[in-house]
Amino acid sequence: MMCFFMGLRGTTGAGGESSSDSDSSLLSAATSATGASPADAWKLNGCTTCSGVAVAAVSPTILSIVQVINAPSFLMLSSLADIFTPDTRQIPEIGEQASGEIFTKNGFSNWKKPERLEEHVGGPNSAHNKAVGYCEDLMKQEQHVRTFFNKHSDQDRKDYRIRLFASIDVVRLLLEQGLAFRGHDESDNSSNQGNYLRILRFLADHNEDIKKVTLKNAPGNNMLTAPSIQKDIVRACSIETTNAIIRDVGDALFSVLVDESRDASMKEQMAVVLRYVDKNGSVIERFIGLKHVTSTTAISLKEALDQLFSKHGLSISRLRGQGYDGASNMQGEFNGLRTLIMNENECAYYIHCFAHQLQLAIVAVAKKHDQVNSFFNVVVNVVNVVGASCKRRDILREKQLLSVVEALENDDLPSGQGQNQEITLKRFGDTRWGSHYGTLLLIISLFPHIISVLEIVAKDKSNSSEQRFQANYLIEFMQSFDFVLSLYLMRDILALSNELSQALQRKDQDILNAIKLVEICKKNLQMMRDNGWDSLLSEASSFCLKHDIDVPNMNDVFLPWGQSRRKAREISNMHYFRVELFFAVLDLQLQELNNRFNEVNMELLLCLACLCPNDAFTAFDKDKLVRLAQFYPKDFSPIKLMALKTQLQIYIMDMRSSTEFVELKGISDLAKRMVETKKDKVYPLVYLLVTLALILPVSTATVERTFSAMKFVKNELRNRMGDE
């Protein structure tokens, strides 16, 4: 932004040099760059302070300089002329540029009146002299403030990166462990400044490079310890993690698992998990976010799900499965969430969570059979009475310790790391999977100690008469054969159910294997009904003899506990315990499993079963697999259906003749093996069917684990934490 081609005499330019010397050197540079004589340069260009038209001759050179500098200020200019043209309206001392348009349009050629040049130059703050300074800055880049700043900030940039990486490492550790960041008092004199500052200080104490640039050694305005900075890093971690999941999903088909629960601040949160098959053929379930919903109606949940999909660039047209619990707002046939989604995408088939159904079947048996219902009511009372106070729990632990020590001395118990640990009674809940089974195992293990604690409660005069009466009642009932037989019967039934429950909760569990496990559980229960009575009676009788409990004669008339003989029915003990208890409970359990797992009879799942590779693909049925493809019209057009028939014929011959596909245990193994052997590229339509089978959800265990983690992160002490 200067007059390039004017020799000024006696005027001081920017940087303390004379304008004549600086302009002459610039004139020489311009003429050497363009190949024009000085006189021609003056005539062609004139002054550049007003319009910038005079830079035409030197524009290639100036443009190359601008490209080398790459300064942001230059990048913001609209044209090269803007670089050399100041806003003269902001300089009042020059008004309209001196000498009119001579220096802007026509060029200067009147060498007989050189005084007009001095008139054009103006005062120290004139546009001309400012342009001289700007151009000198441009030509002498080593003196430019940006160059000085870059040289000065190299070390600062390195220090900042060390400080930033240390802060990120601390944040990642706290996020992985679900720990709080801030402390109540974060001042320098505080004994506990919070996890973030304490861990950062720990890193600084053990790493000199970090210590030099963090905390007190960091610039006061760039310490990276403010709560807002911590939140920014957390938000960045969340975004990067979610983006990695979305990239892994890519354009693959997927299913969605949804559930809602209240957090510590009494907000209703909806958790969403995606289930898909990755590039290696493995089933993946990934949590992608919580969404606060003000209402749990199906419409509200659908709107929240749409917002989450839109945020992450997911399309509901790629959805091929839905997995929820049994709530009416989720699985409602007319107005439920599954119906609203299927109205938009008919291929998004709904599967009721298998683990929920299994738990409902267990709870149903516990409530429908009178004897079992009474048994579990007694168990609840026992847990409540024994665990009512710390004193009673301490007595239970002490007696357990004494018995363990005695057993170890007599070599009745094996010793080793992790064995003979301290245990205590735990409450079971209808919504906690496997909790019934765990409680029964504890009662069997702690039975004599529980009786001892109840006896202490019954004899303690400081307890109320109601408490002493309840303790005596529990002692009498627990020391009856009815209770012991029910205890072992339900333990055996729940043991089979617990194995199924644990298998169903696996993230990589596929729907076909889940159905197979349900059928195995039913068969085991049927085998137990047919052949398990004698072993059950023997085990219960041995337990009674060990703990001095009377075992009734099975041929005597059955006398209900707590009733008189005159009201007793004319049935034997054998009939009651075997028929009305053993058979009845098992029949009820089998009936509940058949009613709950009605998906087994779905035509879709019956067709899916034909993909199973077990026993050299004996379940293969081409017609059913073609029928399976017809359930997904968005993925199989009429042309693809015709191609699928031919592809299936070649596929089954290849699979049965290949040693690489022998002894596969499910469609999960089949998908992985197809990817390993590149068969997914050879039979893409068949692999698509396998993928559709794998992404159908089995259980919502991953969503339940999300809520469990949420209770650790957002607890009563941190209930004001934001939804993000």
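The rules behind each value
- Residues numbered from 1 in each chain as written.
- Predicted model: local features only at pLDDT ≥ 70, side-chain atom pairs only at ≥ 80, totals over all residues.
- Heavy atoms only, no water.
- Helix = DSSP H or I, 4+ residues; strand = E, 2+ residues; numbered from the N terminus.
- Buried < 20%, exposed > 50% of the residue type's maximum accessible area, 1.4 Å probe, protein only.
- Contact = heavy atoms within 4.5 Å.
- Phe/Tyr/Trp six-rings, centres within 6.5 Å; stacked < 30°, edge-to-face > 60°.
- Expected span 1.5 Å × (residues − 1).
- Pairing = 2+ DSSP bridges.
- Axes fitted to C-alpha atoms, helices over the stretch in contact; angles between N-to-C directions.
- Core = buried A, V, L, I, M, F, W, Y, C linked by side-chain atoms within 4.5 Å.
- Parallel < 35°, antiparallel > 145°, perpendicular 65-115°, else oblique.
- Left-handed = near helix turned anticlockwise from the far one by under 90°.
- Nonpolar A, V, L, I, M, F, W, Y, C, P; charged D, E, K, R; others polar.

- The name given to the chain in an unreviewed UniProt entry is TTF-type domain-containing protein, and the organism recorded there is Citrus sinensis.

Overview of the overall build of the chain
Piece 1. Broken down by element type, the chain carries 32 helices and 5 strands.
Piece 2. Here the chain holds 724 residues, and the buried ones make up 46% of them.
Piece 3. Looking at the chain alone, contacts between residues at least 24 apart form 68% of all its contacts between residues at least 6 apart.

Thoughts on the packing of aromatic side chains
Piece 1. The full count for this structure, using the stated rule, is 21 aromatic pairs.
Piece 2. Ring geometry for Phe558 against Tyr576: centres 3.8 Å apart, planes inclined by 15°, an arrangement best described as stacked. Highlighted residues: Phe558 in the loop between helix 23 (533–546) and helix 24 (573–596) and Tyr576 in helix 24, separated in sequence by 18 residues.
Piece 3. Among the aromatic residues, those joined into a cluster by ring pairs are Phe375, Phe376, Tyr473, Phe477 and Phe483.

Concerning the environment of Asp251
Piece 1. Within the element layout of this structure, Asp251 appears in the loop between helix 11 (227–249) and strand 1 (254–262).
Piece 2. What makes Asp251 exposed here is its relative accessible area of 64%.
Piece 3. It is 8.0 Å that separates the C-alpha atoms of Asp251 and Arg318, two residues lying 67 residues apart in sequence.

A look at helix 20 (residues 465–478)
Piece 1. Here helix 20 spans 20 Å end to end across 14 residues, near enough to the 20 Å set by a 1.5 Å rise per residue.
Piece 2. Looking only at helix 20, the buried set comprises Ala471, Leu474, Ile475, Phe477 and Met478.
Piece 3. Of the surrounding elements, those touching the buried residues of helix 20 are helix 16 (370–386), helix 18 (435–445), helix 19 (447–459) and helix 21 (481–504).

A word on unusual backbone geometry
Piece 1. Even without glycine at this site, Leu215 takes up a positive phi of about 55°.
Piece 2. Locating Leu215 in the fold gives a position in the loop between helix 10 (208–213) and helix 11.
Piece 3. Leu215 gets classed as buried once you look at its relative accessible area, which sits at 11%.
Piece 4. The phi dihedral of Asp548 falls on the positive side, at around 60°, and the residue is not glycine.
Piece 5. If you trace the backbone, Asp548 turns up in the loop between helix 23 and helix 24.

Section: the sheet that holds strand 1
Piece 1. The strand order across the open sheet formed by 5 strands is 3-2-1-4-5, and the pairing between neighbours is mixed. The sheet terminates laterally at strand 3 (283–292) and strand 5 (349–352), the two strands that pair on one side only. Taking each pair of neighbouring strands and ignoring which way they run, the sheet shows an average axis angle of 25°.
Piece 2. Sheet topology places strand 2 (residues 268–277) next to strand 3; 9 bridges connect them, and they run antiparallel.

Thoughts on the nonpolar core
Piece 1. Counting residues in hydrophobic clusters, the biggest one holds 124 residues, and the most contacted among them are Phe354, Ile450, Met478, Ile511, Leu608, Tyr632 and Tyr651.
Piece 2. No other element matches helix 21, which puts 12 residues into this core.
Piece 3. Ignoring anything within four residues of it in the chain, the contact list for Ile450 reads Val382, Val386, Leu396, Leu425, Ile443 and Met478.
Piece 4. In this structure, Met270, Ala304, Ile341 and Tyr350 belong to the second largest nonpolar core, which totals 27 residues.

Overview of the packing of helix 21 against helix 24
Piece 1. At a minimum axis separation of 12 Å, helix 21 and helix 24 run at an interaxial angle of 25°. In terms of orientation, helix 21 lies roughly parallel with respect to helix 24. Considering the relative orientation of helix 21 and helix 24, their crossing is right-handed. Of the residues in helix 24, those touching helix 21 at Phe481, Asp482, Leu485, Ser486, Leu489, Met490 and Ile493 are Phe577, Leu581, Phe582, Val585, Leu586 and Gln589.
Piece 2. Broken down by class, the residue content of the contact of helix 21 with helix 24 amounts to 10 nonpolar, 2 polar and 1 charged.

Quick look at the side chain of Thr214
Piece 1. Considering the arrangement of structural elements, one finds Thr214 in the loop between helix 10 and helix 11.
Piece 2. Overall, the relative accessible area of 3% leaves Thr214 in the buried class.
Piece 3. Setting aside its immediate chain neighbours within four residues, Thr214 contacts Arg163 and Ala204.

As for the side chain of Asp259
Piece 1. With respect to the helices and strands, the residue Asp259 is situated in strand 1.
Piece 2. Residue Asp259 is classed as buried on the basis of its relative accessible area of 4%.
Piece 3. Ignoring any residue separated from it by four or fewer positions in sequence, one finds Asp259 in contact with Gln269, Met270, Ala271, Asp325, Met330, Val703, Glu704 and Phe707.

Observations concerning the packing of helix 15 (residues 354–368) against helix 24
Piece 1. Closest axis-to-axis distance for the helix 15/helix 24 pair is 9 Å, and the angle between their directions is 145°. Of the two elements, helix 15 crosses helix 24, and the hand of that crossing is right-handed. Along the contact surface, helix 15 presents Gln357, Leu358, Leu360, Ala361, Ile362, Ala364, Val365 and Lys368, while helix 24 presents Val585, Leu588, Gln589, Glu592, Leu593 and Arg596.
Piece 2. Broken down by class, the residue content of the contact of helix 15 with helix 24 amounts to 9 nonpolar, 2 polar and 3 charged.

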